[in-house]
Amino acid sequence: MADNLPSEFDVIVIGTGLPESIIAAACSRSGQRVLHVDSRSYYGGNWASFSFSGLLSWLKEYQENSDIVNESPAWQEQILENEEAIALSRKDKTIQHVEVFCYASQDLHEDVEEAGALQKNHAAVTSANSTEAADSACLPTEDESLSTASCERPAEQTPSSDAESALEVNDAEATGEKENHCDDKTCVPSTSEEETGENVPTVEDTAEQPKKNRITYAQIIKEGRRFNIDLVSKLLYSRGLLIDLLIKSNVSRYAEFKNITRILAFREGRVEQVPCSRADVFNSKQLTMVEKRMLMKFLTFCMEYEEHPDEYKAYEEITFSEYLKTQKLTPNLQYFVLHSIAMTSETASSTIDGLKATKNFLHCLGRYGNTPFLFPLYGQGELPQCFCRMCAVFGGIYCLRHSVQCLVVDKESRKCKAIIDQFGQRIISKHFLVEDSYFSENTCSHVQYRQISRAVLITDRSVLKTDSDQQISILTVPAEEPGTFAVRVIELCSSTMTCMKGTYLVHLTCTSSKTAREDLEPVVQKLFTPYTETEIGII
């Protein structure tokens with residue numbers, strides 16, 4: 001029983017986000033006694049994935065700002081004179097400004113419910129603010145024992161964004177939200193988030209202009225369990241650190257992946273596919289023969305640029321964008337390399353940063369397919385659960401819906417000695433790992449956070465239509481005004497098991513300059529058209 005746990009462990013981990021789950025699995029596998037607790041009712045923390053109704057319930061929870069939990073009023077009595085307590089929050093206060101925007105009519109759908117739905121709610125776009133700490137999880141990896149599933153008719157490669165970025169926008173109906181996180185990366189629409197270590201999602205409901213077989217809100221509600229909507233949306237480099245960890249730890253046996261099929265660019269008001277591999281370059285109808293040779297020559301140089309320092313040393317002090325102008329590349333090629341291959345900032349990335357990013361992109365091509373990126377089937381929320389599964393297999397103890405009142409710290413040594421849980425039980429441990437969203441702002445005052453804006457859309461049409469409707473795409477929409485940032489868009493098809501057939505799940509992410517809605521709405525308007533723009537509602 002959770003109210004009668006052992007009184008001593010080697011490691012106590014609070015929070016089931018991806019970083020915490022990885023460490024819990026490593027400790028358990030090495031023979032440590034691990035207690036892994038989370039006040040939430042689901043695994044993954046701000047790295048979780050939800051069904052449609054589950055996401056609406058999650059949004060409602062933050063809108064209501066509820067922080068009700070059963071606790072023992074006598075826990076303070078267990079703090080000795082030579083000890084002090086660091087109180088932990090039972091509500092993730094890093095998530096803020098949650099909004100829901102509805103683009104589709106719901107008048108006729110009030111009686112429609114999802115099978116097994118947690119609640120009945122409105123489809124809409126939601127926005128929130130979320131904070132994340134410096135880095136987070138989607139890193140490149142190497143070995144070859146990963147299970148991958150390729151989409152029908154792969155097109156091209158889609159890069160993944162940093163731990164701090166999440167992307168994607170799409171047509172049709174969408175729901176979006178914004179959130180603020182501490183410690184986790186989050187991407188939510190119509191709001192801003194600070195990146196700390198986790199991610200918080202947002203979903204927007206927008207619909208495309210009427211077509212045959214138009215997807216309705218009632219269908220989305222009814223098929224809601226076919227959706228797996230990530231709070232954090234990332235792609236993984238096929239030779240990145242996270243893939244390497246999944247393989248070496250054998251956790252990869254618990255998950256399946258799909259290749260990103262194409263990388264897109266948004267230029268002069270149009271979405272175009274970017275040729276990346278040698279075959280793509282020479283098969284491309286967008287490039288002239290001269291441009292194809294220019295691009296192949298430059299990409300070959302980037303793969304071995306460190307062996308030719310004389311060719312870039314003189315340009316180390318300028319931006320990568322300026323450097324590309326010196327390389328006899330046409331404006332078309334410069335744009336593709338900067339925004340879709342290196343995926344770096346036009347104003348902030350140095351020449352070395354750009355060359356490293358381009359080399360990494362090219363290095364990851366072809367490992368598991370014709371693209372450098374992978375995406376886990378059923379969403380990013382699978383990854384924390386895979387590591388939690390391994391921890392449990394090696395003896396780790398798990399308790400969800402289990403709050404921790406405080407950490408007990410020795411006044412002299414300043415070392416943490418124990419925790420006191422919601423039942424007033426004092427549990428001793430040698431080591432403690434706490435997700436920072438459990439701490440107050442004062443406790444985390446030394447941590448630097450940055451905000452990101454995030455949106456999630458459910459659409460009925462791809463941003464770039466092709467013969468196959470099973471495309472997984474990544475798109476970068478460059479910033480248009482000073483002080484704003486590029487928006488990353490990740491578009492997922494139904495074969496990723498994240499949305500129902502006939503729809504796409506689109507994630508948009510950017511560094512915040514205003515609210516998430518102000519940051520991302522212009523991009524949504526460029527890429528999509530709601531069914532009825534007059535029905536927009538704010539909840």
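For the structure itself, look to the data block above.
Residues numbered from 1 in each chain as written. Predicted model: local features only at pLDDT ≥ 70, side-chain atom pairs only at ≥ 80, totals over all residues. Heavy atoms only, no water.

Trainee: If you had to explain the overall build of the protein chain to someone new, which residues and values would you point to?
Mentor: Along its length, the protein chain carries 11 helices and 24 strands. A buried classification covers 60% of the 539 residues belonging to the protein chain. Of the contacts formed within the protein chain by residues at least 6 apart in sequence, a portion of 80% connects residues at least 24 apart. With the model as given, the accessible surface of the protein chain reaches about 22,100 Å², and the carbon-plus-sulfur share is 48%. (Helix = DSSP H or I, 4+ residues; strand = E, 2+ residues; numbered from the N terminus. Buried < 20%, exposed > 50% of the residue type's maximum accessible area, 1.4 Å probe, protein only. Contact = heavy atoms within 4.5 Å. Areas by Shrake-Rupley, 256 points an atom, 1.4 Å probe, with all protein chains shown as cover.)

Trainee: Mind laying out unusual backbone geometry, listing which residues take part and the relevant values?
Mentor: Phi at Arg401 is positive, roughly 55 degrees, even though this residue is not glycine. Among the structural elements, Arg401 can be located in the loop between β16 (397-399) and β17 (404-410). Phi is positive for Arg414, which is not a glycine, with a value near 60 degrees. The partly exposed category is assigned to Arg414, whose relative accessible area is 49%.

Trainee: I'd like a description of the pattern of salt bridges, backed by residues and values.
Mentor: Evaluation of the coordinates by the stated rule reveals 17 salt bridges. Across the salt bridge formed by Arg33 and Asp10, the nearest N and O atoms sit 3.0 Å from each other. On the criterion of sequence distance, the pair formed by Arg33 in the loop between α1 (18-29) and β2 (34-37) and Asp10 in strand β1 (residues 8-14) is long-range, its members being 23 residues apart. A salt bridge links Lys526 to Glu480; its shortest N-O distance comes to 2.4 Å. Of this pair, Lys526 sits in helix α11 (residues 516-527) while Glu480 is found in the loop between β21 (473-477) and β22 (487-492), placing the two residues 46 residues apart along the sequence. Look at Lys526 and you get partly exposed, because its relative accessible area is 35%. Three or more residues joined by partner-sharing salt bridges are found here, namely Asp10, Arg33 and Lys430. (Salt bridge = Lys/Arg side-chain N within 4 Å of Asp/Glu carboxyl O.)

Trainee: Tell me about the pairing of strand β23 (residues 504-511), and name the residues and values.
Mentor: Judged by how many residues are buried, β23 sits mostly within the fold: seven of eight residues are covered. Bridge count for strand β20 (residues 449-459) against β23 is eight bridges, and the pairing is antiparallel. If you follow Ile452 over to β23, its bridge partner there is Thr511. Examined bridge by bridge, β22 and β23 share five bridges and lie antiparallel to one another. Looking at β23, one finds that Glu491 is bridged to Val506. (Pairing = 2+ DSSP bridges.)

Everything listed is a geometric property; what it means functionally is a separate question.
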